[in-house]
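Next come the chains, spelled out residue by residue.
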Amino acid sequence: MRIVLLGAPGSGKGTQSQRLVERAGIPQISSGDLLRAAVARGTELGRQAKAAMDDGRLVDDSLVLGMIRERLGEADARRGFILDGFPRNLAQAHALERLLESLKRPLDAVVQLEVDPAELVRRISGRRTCADCGRVFNVFGSAPAAQSEPCPKTGAPHRLMQRPDDTEATVAERLRVYEEKTRPLVDFYRARGLLRVIDAQGELDAVTRRLLQALGLPAARRVARKKRPAGRATRRAAPRPSASGARPARRSAAAKTAPRRKARRSSRPARGGKSGRARPARRRRSR
Ligand code: AP5
Ligand code: MG
């Protein structure tokens, strides 16, 4: 699948991308992470990008586009990708569209993560990132987990750092830039029939479930299944149709290997409202 995650700073694009990487078997391509890596390595790109990043402004389109074009040309991106933080304005969206058209690999879906502004500020102020593996935590929630599990890169405890652009003044500017430059992409992708909108507030797992549902990917199994008697076929979770009513997402490589299951009532995807907002799955009444 080729996916774009849209959303304000702190909406959870990075966090949910990292979870989607495991589910969909495709790489996360984060323009912010690539730029931060370039700054840390002291490359020419990093040197040119640093001032804009420190101020919360967007880095020059020409720099970002060159970097993304190069990354999309790498072997792992041929299977698909999750773009996180790119595109960020209409010029970047048009450039991405042209690039993917020339590669004959158009986008499958764009998911907008909706979060209240006050919650965005709270999340950003509590964010900590592992300096070694890049995993995102939060002092108000997931940081304790970081102390109990080893970093997959070093085997030692995660080294939690605060991002230099997570200061109060920079966050205010990033949110302003988001409203002015990035918000218009919602209409851009809605007009192309690619947009799905999800409520990105609440428990991480609940947001992940909404995201998977919006993408038509199978939901994670929460409890271990009871052992079935020998000879009975094991049923695997089948991909759900998109809840937004937008065109159903293509099946991932992993999903293609799973047998399709007949839809219970109808083969049509559930309809969303005009906004394209994905509705939560209806609970079955327990008897
Ligand atoms: P970038 O790195 O893209 O930053 P951003 O867009 O400001 O987004 P964030 O990374 O801050 O937020 P996120 O949505 O990833 O949230 P996260 O998952 O971390 O860009 C940085 C800078 O680089 C830009 O300002 C710009 O200068 C430049 N740049 C980047 N791309 C560019 C481009 N295309 N063009 C030009 N310039 C570009 O979550 C945040 C926190 O919330 C975490 O602590 C997490 O644990 C927590 N959290 C997540 N979900 C939940 C939940 N459901 N409940 C509670 N807490 C949660
Ligand atoms: Mg991020």
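Above this note sits the structure.
The structure reproduced in this document is the subject of the present report. (Residues numbered from 1 in each chain as written. Chains lettered and ligands numbered in written order. Predicted model: local features only at pLDDT ≥ 70, side-chain atom pairs only at ≥ 80, totals over all residues. Heavy atoms only, no water.)

## A look at the pairing of strand β3 (residues 81-84)
Now for step 1: A two-sided burial pattern is seen for β3, the buried positions comprising Phe 81 and Leu 83 on one face and Ile 82 and Asp 84 on the other.
Now for step 2: Sheet analysis places strand β1 (residues 2-7) next to β3, joined by four bridges and oriented parallel. Opposite Val 4, over in β3, you have Leu 83 as the bridge partner. (Buried < 20%, exposed > 50% of the residue type's maximum accessible area, 1.4 Å probe, protein only. Helix = DSSP H or I, 4+ residues; strand = E, 2+ residues; numbered from the N terminus. Pairing = 2+ DSSP bridges.)

## What about the site of ligand 1?
Now for step 1: Looking at ligand 1, there are 33 residues lining it, with Thr 15, Ser 31, Arg 57, Arg 127 and Phe 137 nearest.
Now for step 2: At a separation of 2.7 Å, an oxygen atom of ligand 1 approaches a polar side-chain atom of Asn 138.
Now for step 3: Broken down by secondary-structure element, the contributors of at least two residues to the shell around ligand 1 are α1 (13-24), α2 (31-41), β6 (136-138) and α10 (204-215).
Now for step 4: Residues of the shell around ligand 1, tallied by class, amount to 13 nonpolar, eleven polar and nine charged. (Near = heavy atom within 4 Å. Polar contact = N/O pair within 3.5 Å; in protein donor to acceptor, adjacent residues only side chain to side chain. Nonpolar A, V, L, I, M, F, W, Y, C, P; charged D, E, K, R; others polar.)

## As for the side chain of Arg 2
Now for step 1: On the secondary structure map, Arg 2 appears in strand β1.
Now for step 2: Comment: no salt bridge for buried Arg 2; closest opposite-charge side chain is Asp 108, at 4.3 Å.
Now for step 3: At 3.1 Å, the side chain of Arg 2 forms a polar contact with the backbone oxygen of Arg 105. (Lys, Arg positive; Asp, Glu negative; His and termini not counted. Salt bridge = Lys/Arg side-chain N within 4 Å of Asp/Glu carboxyl O.)

## A word on the environment of Arg 210
Now for step 1: Here Arg 210 shows up in helix α10.
Now for step 2: With a relative accessible area of 23%, Arg 210 lands in the partly exposed category.
Now for step 3: For Arg 210 and Val 197, which are 13 residues apart along the polypeptide, the C-alpha to C-alpha distance reads 9.6 Å.
Now for step 4: Not counting residues up to four positions away in its chain, the partners in contact with Arg 210 are Ile 198, Asp 199, Ala 200 and Gln 201. (Contact = heavy atoms within 4.5 Å.)

## Quick look at the sheet that holds β3
Now for step 1: Judged by pairing direction, the sheet is parallel, and its five strands sit side by side in the order β2-β3-β1-β4-β8 without closing on themselves. Both edges of this open sheet fall to β2 (28-30) and β8 (195-199), since each of them pairs with a single strand only. Sheet twist, expressed as the average angle between the axes of neighbouring strands with direction ignored, equals 25°. (Axes fitted to C-alpha atoms, helices over the stretch in contact; angles between N-to-C directions.)

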